[in-house]
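Each chain, written out:
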Amino acid sequence: MRHLRWPVAATRLGMVAEQVVRAFWPFWTALFAGLAPLMMGWHEIVPLEVFWGGAVIGAIALIGTLIWGLRRFRIPAPAEALERVDASLPGRPIAAIADTQAIGSGDPASEAVWRAHLARMSARTKDARPVEPDLRISDRDPYGLRFIALLFFVAALTFGSLLRIGSVGEIVTGSQQSLASGPVWEGWVEPPAYTGKPAIYLNDVPPGRLQVPEGSQVTLRLYGEVGALTVAETVSGRLEELGAASDAQQQFEITQSGVLTIGGAGQTTWNVTAIADQPPEVEMTGPIESDAMGEMSQPFVAYDDYGVISGFATITLDLAAVDRRYGLAVAPDPIDPLVLDLPMPFTGDRSDFEEFLIDNLSEHPLANLPVTMQLSVTDDAGQTGVTPAEPMILPGRRFFEPFARAVIEQRRDFMWSQDNLTRVNQILRAISHRPEGLFSSETTYLRLRAIIRQMDQMKEFGATENAKAEVVQALWDLAVQLEDGRLADARERLRRAQERLAEAMRNGASDEEIAELMQELREATDEYMRMLAQEAEPSDGTDQADNGQNGERMSMDELQALLDRIEELMQEGRMAEAQELMEQLNQLMENMRVTQGEGGEGSPSPGQQSMQDLTDTLREQEELSDDAFGDLQEQFNQDQNGQQQPGQPGNQGQQGTQGQQGQDGQQGQGQGVGRDAQNGQQADNGTGGQGDPRSLADRQQALRQELQRQRDGLPSLPGESGDIARRSLERAEGAMEGAEEALREGDLPQAIDRQAQAMDALRNGMRQLGQALAENQNIEPGQGSEQGQANGNPGQDGRDPLGRSMGNSGQLGTSESLLNGEDINRRAEELLDEIRRRSAEQDRPELERDYLRRLLDQF
């Protein structure tokens, strides 16, 4: 059997290694223990009697361990290697092949069975692999003497030298006496610590050229008769306080290139080259960028030969570039330069790195004004590298609402100079003279009047720094409220979002601002459609959809595709086409009916069925995530109260939640968090048990398998959108698998995080799939379908126009009371406040506090 040659040969070689290790470990232990003192030079300082005593003991130990090893060492036979390979195989097939048939010889049936047995054993031998040798000898060296000897030897290699072993011969021949009586020296060169370079032992460096960093410290020690050795150098540049050239110990710093000489017997000279520390360099690698909220991002790159330790950016007003009109015509108050620390890498090399200076300076007096930015970095040597002053407009938040823009402009003028106080006051009074139709609520009007009264007091009694800061902050808060204020009527909010987007088109907004405004338009559109769904019953309202035969209809996917197309055209600079689509969107919103697909009385298309299945999967994943959160909340309460009772997991979870609410002592907030957790617990309906993560894992597994079936059944859709949809669904499936594993391991926080990733990927996949379906059917995004459900029937599958299941009462929408009649914004704010309060309580379990912190980071 030729296939056994390599496994047997390799196994035999390993057996030889076993024999060598087991037989000669005392020998190399004694060898390392003897070499370590010699490499450290101990034999040069101990008395001669101690040296000879140690030499005799070392020689006896080496000879004894060598003879002991030779007597125990033997080369394994090939049969032994074959036996070890055979023992590693199931059934010992090699030995079985060598067996002979004991009974049944001559019987054809028995011989056939025997031949089949041999064939099966022969096939097993093909799985033979070399057997790993057992090199462990801890049973023979229970005290770890071999490791102690190896440690001494490694330390000697690090701090000693193999060259010192050669001096043993001089001691044996007796020539060490003349060496000890002659002059000797030692020297070291230690580069600055920030260079990261090792120290140099001059005794090991041959004479000639020597390159060291500038600032290196030289230490020399001279032994023997005073004056037998002298030091001459021109590398320190010292002119004063020079000691004698024959001092026993000398220390100086290398500040320049020169010569270092140790004179005397065997004179040694080095031509030292001092490598100068180059100053650091920094440069901006691109123009400054900003998003719609005013957060700036300035890319830069920094270099240094050893590493940058710090840096900062200085932003100074460019007064010559300011358009000195209106409130900027007067002389400005002194504005100190703005200094920002540059971000540095926490880990890695700082000799060459790229970073981004990210900050939001929208509230600073220099925001949206011409400035100059200058970057500077510093290294360990104190050297500084500076960029030329780069002129730019300091990014700040842009306001599109005219009233908010006027308020923010007056705030800028007031910060520019206190002499503008009267002018700003008059303009604000003029703005608020006729507030009808100008203010979104009485709150904003009253806030503006309060600011005006405060300015009146400043004019009469003088303005302090604190008073000025209060007015500046109040004007900013008012402008933000006017810009982002929530309108009670969803239709008005949609109109305002469209107007702000149109204003951005005319003003040439950046891509980031376009993305921000498009997101606002999407949210306003969603809110408007929710209002339509709530008013699904025919009424006389102007926002009710037309039930006529020619009523325009569009699906959620087509509406999303239309919004994406508008954003794409704006980013490409095709504002005219984007404006046409905006007008088309306005016209559609006047008479729109939202459906869950194209409708019709026939069976849905494969694409529509896929969208419906994915919608159901997303809803089930959300319910499963709510159940997992309920179990996590129950665990938190159990850790807090320690009152878990066996056999009643569901009731105990609710009691623990209520007990926790009682301890919090704030019904308005504590009950909100507890009630949300209980809703997640009760949504399980028995399919997933409280306190039983395995049942949740089984549900997650079934949901993942269902998603895999849906992904395999997706229609073939060409184009980029179809590919993105498939990749998103693959990511969702992977996240579900991670959530399943976390549930089986009992790691509920990790499971909830992975479930959130799965839901995000599902939503993105559904959005891209809808766009791909619209493109595949040659439907202009946003046009909708003018066929199917022509009679105005809202759908035959028991869902409302937004694709949600009907409530138990049979009416459109859900029958659950989600907010109990409370305002949604106030309710959300209360929940966030409660989460913040609980995350700050140190007596809560770390697991709960970590989860609450991650909730705050997300929302």
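Residues numbered from 1 in each chain as written. Predicted model: local features only at pLDDT ≥ 70, side-chain atom pairs only at ≥ 80, totals over all residues. Heavy atoms only, no water.

## What about unusual backbone geometry?
Consideration 1: The backbone of Arg 92 shows a phi angle near 45°, a positive value even though the residue is not glycine.
Consideration 2: Examined against the element boundaries, Arg 92 turns out to sit in the loop between helix H3 (78–87) and helix H4 (93–98).
Consideration 3: Look at Arg 92 and you get partly exposed, because its relative accessible area is 33%.
Consideration 4: We note that Asn 368 has phi near 65°; this positive angle belongs to a residue other than glycine.
Consideration 5: Among the secondary structure elements, Asn 368 is positioned in the loop between strand S14 (352–360) and strand S15 (370–379). (Helix = DSSP H or I, 4+ residues; strand = E, 2+ residues; numbered from the N terminus. Buried < 20%, exposed > 50% of the residue type's maximum accessible area, 1.4 Å probe, protein only.)

## As for the pairing of strand S8 (residues 268–275)
Consideration 1: In S8, alternate side chains face the same way, and those of Thr 268, Trp 270, Val 272 and Ala 274 are buried while those of Thr 269, Asn 271, Thr 273 and Ile 275 on the opposite face are not.
Consideration 2: Across six bridges, the pairing between strand S3 (residues 208–213) and S8 is parallel. For Arg 209, the partnering residue across the bridge sits in S8 and is Asn 271.
Consideration 3: Across five bridges, strand S7 (residues 258–263) lies against S8 in antiparallel orientation. If you follow Gly 258 over to S8, its bridge partner there is Val 272. (Pairing = 2+ DSSP bridges.)

## Details of the confidence of the model for the protein chain
Consideration 1: Model confidence for the protein chain is summarised by a mean pLDDT of 77, while 79% of its residues fall at 70 or above.
Consideration 2: In this model, residues 176–181 is a region of pLDDT below 50 whose contacts with residues beyond four sequence positions or in other chains number five contacts.
Consideration 3: Note that residues 593–602 has pLDDT below 50 and, in this model, 34 contacts with residues that lie over four places away or in other chains. (pLDDT = per-residue confidence, 0-100. Contact = heavy atoms within 4.5 Å.)

## Notes on the packing of aromatic side chains
Pairs of aromatic rings are described using the distance from one ring centre to the other and the angle between the two planes.
Consideration 1: In total, this model carries 10 aromatic pairs according to the counting rule given.
Consideration 2: Ring geometry for Phe 24 against Phe 73: centres 6.0 Å apart, planes inclined by 45°, an arrangement best described as tilted. Of this pair, Phe 24 sits in helix H1 (residues 5–40) while Phe 73 sits in the loop between helix H2 (48–72) and H3, and the two are 49 residues apart along the sequence.
Consideration 3: A residue is classified by how much of its surface remains accessible, and Phe 73, at 26% relative accessible area, is partly exposed.
Consideration 4: A centroid spacing of 6.5 Å and a plane angle of 80° characterise the contact between Phe 300 and Phe 353, whose relative ring orientation is edge-to-face. Linking Phe 300 in strand S11 (residues 295–303) with Phe 353 in strand S14, this pair joins segments that are 53 residues apart in sequence.
Consideration 5: Taken together, the ring pairs in this structure connect Trp 28, Phe 32 and Phe 153 into an aromatic cluster.
Consideration 6: Sitting above the plane of the Phe 414 ring, Lys 468 keeps its charged end 5.9 Å from the centroid. (Phe/Tyr/Trp six-rings, centres within 6.5 Å; stacked < 30°, edge-to-face > 60°. Lys NZ or Arg CZ within 6 Å of the ring centre and 35° of its normal.)

## With respect to H3
Consideration 1: Within H3, the full set of buried residues consists of Ala 81, Val 85 and Asp 86. For H3, the buried positions fall inside an angular range of 140° around the axis, keeping them on one side.
Consideration 2: On its buried side, H3 packs onto H1 and H4. (Arc of directions from axis to C-beta.)

## Details of the pairing of strand S4 (residues 217–223)
Consecutive residues of a regular strand have side chains that alternate between opposite faces of the sheet.
Consideration 1: As judged from the seven bridges shared by strand S1 (residues 184–190) and S4, these two strands associate in the antiparallel manner. Pairing of Trp 188 across the sheet is with Thr 219, part of S4.
Consideration 2: In this sheet, strand S6 (residues 249–253) lies alongside S4 in antiparallel orientation, the contact comprising five bridges. Paired with Thr 219 across the strands is Gln 251, a residue of S6.

## As for the sheet that holds S7
The strands that make up a sheet are held in pairs by hydrogen bonds between backbone atoms, and each pair lies either parallel or antiparallel.
Consideration 1: The strand order S3-S8-S7-S5 describes an open sheet built from four strands, whose pairing is mixed. A single partner strand is all that each edge strand has here, and the edge strands are S3 and strand S5 (230–233). When strand polarity is set aside, the average angle formed by the axes of neighbouring strands in this sheet is 25°. (Axes fitted to C-alpha atoms, helices over the stretch in contact; angles between N-to-C directions.)

## Considerations on a nonpolar patch on the surface
Consideration 1: Together, Tyr 143, Leu 145, Ile 148, Leu 151 and Phe 152 make up an exposed nonpolar region whose accessible area comes to about 590 Å².
Consideration 2: Turning to its location among the elements, Tyr 143 is positioned in the loop between helix H5 (108–125) and helix H6 (145–159).
Consideration 3: Exposure remark for Tyr 143: the relative accessible area of 72% places this residue in the exposed category. (Patch = residues over 30% accessible without salt bridge, like charges linked within 9 Å, V, L, I, M, F, W, Y side chains within 5 Å. Areas by Shrake-Rupley, 256 points an atom, 1.4 Å probe, with all protein chains shown as cover. Salt bridge = Lys/Arg side-chain N within 4 Å of Asp/Glu carboxyl O.)

## Points about the packing of H1 against H2
Consideration 1: Relative orientation of the contacting elements H1 and H2 amounts to 180°, with a least axis distance of 8 Å. It follows from the interaxial angle that H1 and H2 lie roughly antiparallel. Contact residues: H1 offers Gln 19, Arg 22, Ala 23, Phe 24, Pro 26, Phe 27, Ala 30 and Leu 31, while H2 offers Ala 61, Leu 62, Thr 65, Leu 66, Trp 68, Gly 69, Leu 70 and Arg 72.
Consideration 2: Classifying every residue of the contact of H1 with H2 by side-chain character gives 11 nonpolar, three polar and two charged. (Parallel < 35°, antiparallel > 145°, perpendicular 65-115°, else oblique. Nonpolar A, V, L, I, M, F, W, Y, C, P; charged D, E, K, R; others polar.)

## Considerations on the nonpolar core
Consideration 1: If you look at the biggest cluster of nonpolar residues, it comprises 27 residues, and the most contacted ones within it are Met 296, Ile 315 and Leu 342.
Consideration 2: Contributing elements (two or more residues each) for this core: S11, strand S12 (308–317), strand S13 (338–341), S14 and S15.
Consideration 3: Excluding residues within four positions of it along the chain, Ile 315 makes contact with Pro 337, Leu 338, Leu 340, Leu 361, Leu 366, Val 371, Thr 372, Met 373 and Leu 394.
Consideration 4: By size, the runner-up hydrophobic cluster in this structure holds 26 residues, among which are Met 415, Leu 421, Met 455 and Ala 467. (Core = buried A, V, L, I, M, F, W, Y, C linked by side-chain atoms within 4.5 Å.)

## Some thoughts on the pattern of salt bridges
Consideration 1: Summed over the entire model, instances satisfying the criterion amount to 30 salt bridges.
Consideration 2: The network of salt bridges with common partners includes Glu 834, Arg 837, Arg 838, Glu 841 and Arg 844.

## Quick look at the side chain of Thr 378
Consideration 1: Along the chain, Thr 378 turns up in strand S15.
Consideration 2: According to the relative accessible area criterion, Thr 378 is buried, its value standing at 16%.
Consideration 3: With residues up to four places along the chain from it excluded, the contact list for Thr 378 reads Pro 280, Val 308, Ile 309, Ser 310, Gln 383 and Thr 384.

## Some details on the environment of Thr 234
Consideration 1: Within the secondary structure, Thr 234 sits in the loop between S5 and S6.
Consideration 2: For the pair Thr 234 and Ile 254, spaced 20 residues apart in sequence, the C-alpha to C-alpha distance is 8.9 Å.
Consideration 3: The residues touching Thr 234, leaving out its near neighbours within four places in the chain, are Gln 256, Ser 257, Gly 258 and Val 259.
Consideration 4: A distance of 2.9 Å separates a polar atom in the side chain of Thr 234 from the backbone nitrogen of Val 259. (Polar contact = N/O pair within 3.5 Å; in protein donor to acceptor, adjacent residues only side chain to side chain.)

## Describing the sheet that holds S4
Consideration 1: Across the sheet, which stays open at both edges, the four strands sit in the order S2-S1-S4-S6 with antiparallel pairing between neighbours. Unpaired on one side and paired on the other, strand S2 (200–201) and S6 mark the two borders of the sheet.

## Comments concerning the environment of Arg 398
Consideration 1: Relative to the elements of secondary structure, Arg 398 occurs in the loop between strand S17 (390–393) and helix H9 (402–416).
Consideration 2: Excluding residues that lie within four positions of it along the chain, Arg 398 makes contacts with Ala 292, Asn 507, Gly 508, Ala 509, Ser 510 and Glu 513.

## Digging into helix H10 (residues 421–431)
Consideration 1: Leu 421, Val 424, Asn 425, Leu 428 and Ile 431 are the residues of H10 that are buried. Considered in projection along H10, the buried side chains sweep an arc of 125° and stay on one side of the axis. When the buried face of H10 is taken as reference, the exposed residues oriented beyond 90 degrees from it are Gln 426 and Ala 430.

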